[in-house]
Every structure is written in C-alpha cells, then in structure tokens.
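# A structural walkthrough
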Amino acid sequence: MERTLILFKPDAVQRRLCGTLLSRLETKGLKIVGLKMLRVTKELSAKHYAEHVTKSFYPLLEAFITSGPVVALVAEGPNAVAVVRTMMGPTNGQQAAPGTIRGDFGVSRQMNLMHGSDSPEAAQKEIAVYFQPNELVSYESSLKDWVCAADEVK
Ligand code: IDP
Ligand code: MG
C-alpha cells in the first residue's frame with residue numbers, strides 16, 4: 001500500500017482548517033499512519049524543497065513555510081500519492097477547480113494550504129525527512145474491506 005507525505009501549511013493552521021482538511025483525507029478513505037505538529041526550520045525547508053532552493057521564489061517560500069506551525073501527516077492508501085495530488089488540485093488556488101482543496105479554500109499560488117508528495121520516490125524521501133520510522137504506526141483498519149476491493153490493493 002502506497003504512502004504519501006502531507007503538510008498542512010502555516011496558512012491552513014492559522015486559518016484553522018486542519019480539521020476540515022484531515023476530514024477530507026479520512027472521508028476519502030485514506031488511512032493516517034503518522035501525524036504531528038512542528039515548526040519547519042530553514043534547514044528543514046531546504047531539505048524538503050531541495051528542487052526549489054535555487055529558484056527566484058525560494059526566499060518567499062522559505063519565509064512562508066517557516067512562518068508558523070505546520071501539521072505533517074503520512075497517509076496510506078491505494079495510489080495515495082496521485083490520489084492526494086488530485087484532491088489538492090494544481091498549485092495556484094486561482095486555477096484549481098472547485099471540489100479540490102486548493103480550489104475550495106484558497107486564491108493564492110503560495111498560500112495553497114497543503115503539500116502532497118508528487119511521486120512515490122519523493123514520498124519516500126519526504127516521509128524520511130519528517131518522520132522517524134518509530135513515529136509511523138502500522139495497523140489494520142477494520143474498514144479496509146469497505147474502502148476498496150481486494151484486487152485494487154497494491
Ligand atoms: P506543488 O506544491 O503544487 O507541488 P511546487 O511547484 O512544487 O508546487 O512549489 C512548491 C510550493 O512553493 C508551492 O506549493 C507554493 O506554496 C510555492 N510556490 C510555487 N510557485 C511559487 C511562486 O512562483 N511564487 C511563490 N511561491 C511559489
Ligand atoms: Mg511540488
């Protein structure tokens with residue numbers, strides 16, 4: 001079963017949308033296997049956003065992501081990486097369709113509420129950046145037989 005790294009960014013925490021966003025992940029059928037609140041430091045930001053560090057917008061992104069607490073989660077489910085990206089919508093809330101998280105809750109390119117890994121490889125790296133192995137909890141959900149059919153589990 002695939003895992004993905006999710007952040008509720010500082011704007012989501014300040015706007016008190018964490019419960020709403022968590023609820024959307026849970027009602028979608030994803031299983032939460034890791035969850036914590038933390039402050040992203042400049043060092044952590046550079047690790048997480050390594051692909052963006054040299055870009056012109058990076059100073060703004062760093063200031064934003066370090067500006068207040070975030071909530072980090074690991075969600076598990078079939079195709080969890082792609083499923084969460086689809087739920088979030090494109091980067092800019094102005095272009096994100098209604099029904100997506102960024103489309104429903106924001107109008108910004110930077111303050112777009114949520115991060116989700118963009119590939120299974122990125123997810124593995126990002127999960128290791130935010131969570132120690134013993135902070136992830138493997139458990140069997142009693143709902144599993146009602147979330148998807150046996151031949152869809154991979
Ligand atoms: P993603 O979050 O949809 O994967 P990326 O292009 O990987 O988007 O950018 C990472 C984050 O950096 C975005 O979610 C957004 O918060 C911020 N960001 C992206 N492009 C810009 C920009 O042009 N100006 C300021 N911030 C940006
Ligand atoms: Mg990205």
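Above: the structure in question.
Residues numbered from 1 in each chain as written. Chains lettered and ligands numbered in written order. Predicted model: local features only at pLDDT ≥ 70, side-chain atom pairs only at ≥ 80, totals over all residues. Heavy atoms only, no water.

The helix and strand inventory of the chain stands at eight helices and four strands. Each helix (α) and strand (β) of the chain, taken in turn from the N terminus, gives the series β-α-α-β-α-α-β-α-α-β-α-α. Relative to the compact-globule value of 15 Å for 154 residues, the chain shows a C-alpha radius of gyration of 15 Å, a close match. C-alpha extents for the chain along the principal axes are approximately 45 × 35 × 25 Å. With 154 residues in all, the chain has 46% of them scored as buried. Sequence separation of 24 or more characterises 77% of the internal contacts of the chain that already satisfy a separation of 6 or more. Counting only carbon and sulfur atoms, one obtains 54% of the accessible surface of the chain, whose full area is about 8,600 Å². (Helix = DSSP H or I, 4+ residues; strand = E, 2+ residues; numbered from the N terminus. Rg over C-alpha atoms; globule rule 2.2 N^0.38 Å. Buried < 20%, exposed > 50% of the residue type's maximum accessible area, 1.4 Å probe, protein only. Contact = heavy atoms within 4.5 Å. Areas by Shrake-Rupley, 256 points an atom, 1.4 Å probe, with all protein chains shown as cover.)

The full set of residues close to ligand 1 is K9, Y49, H52, F57, L61, R85, T91, R102, R109, Q110 and N112. Side-chain polar atom of R102 to an oxygen atom of ligand 1: 3.0 Å apart, as the coordinates give it. Note that an oxygen atom of ligand 1 is positioned 2.8 Å from one of the side-chain N or O atoms of N112. Considering ligand 1 on its own, with 530 Å² of exposed area, one finds that the protein chains cover 85% of that surface. (Near = heavy atom within 4 Å. Polar contact = N/O pair within 3.5 Å; in protein donor to acceptor, adjacent residues only side chain to side chain.)

The element strand β3 (residues 69-77) is largely enclosed, with a buried count of eight among its nine residues. As paired elements, strand β2 (residues 31-39) and β3 share eight bridges and run antiparallel to each other. Bridged to M37 within β3 is V71. (Pairing = 2+ DSSP bridges.)

Now for the packing of aromatic side chains. Tallied over the entire structure, the rule returns zero aromatic pairs. Directly above the ring of Y139 sits K31, whose terminal nitrogen or CZ lies 4.7 Å from the centroid. (Phe/Tyr/Trp six-rings, centres within 6.5 Å; stacked < 30°, edge-to-face > 60°. Lys NZ or Arg CZ within 6 Å of the ring centre and 35° of its normal.)

Soluble globular proteins: nonpolar side chains tend toward being buried together. With 21 residues, the main nonpolar core has I6, F8, L21, L25 and M114 as its most contacted residues. Secondary structure elements with two or more residues in this core: β1 (2-8), α1 (10-14), α2 (18-28), β3, α5 (80-88) and α6 (101-105). With four residues, the top contributor of residues to this core is α5. Those residues in contact with L25 that lie beyond four places of it in its chain are I6, F8, L30, L73, V84, M87 and M114. Core analysis: the next-biggest nonpolar cluster, separate from the first, contains 18 residues, V40, L44, Y49 and Y58 among them. (Core = buried A, V, L, I, M, F, W, Y, C linked by side-chain atoms within 4.5 Å.)

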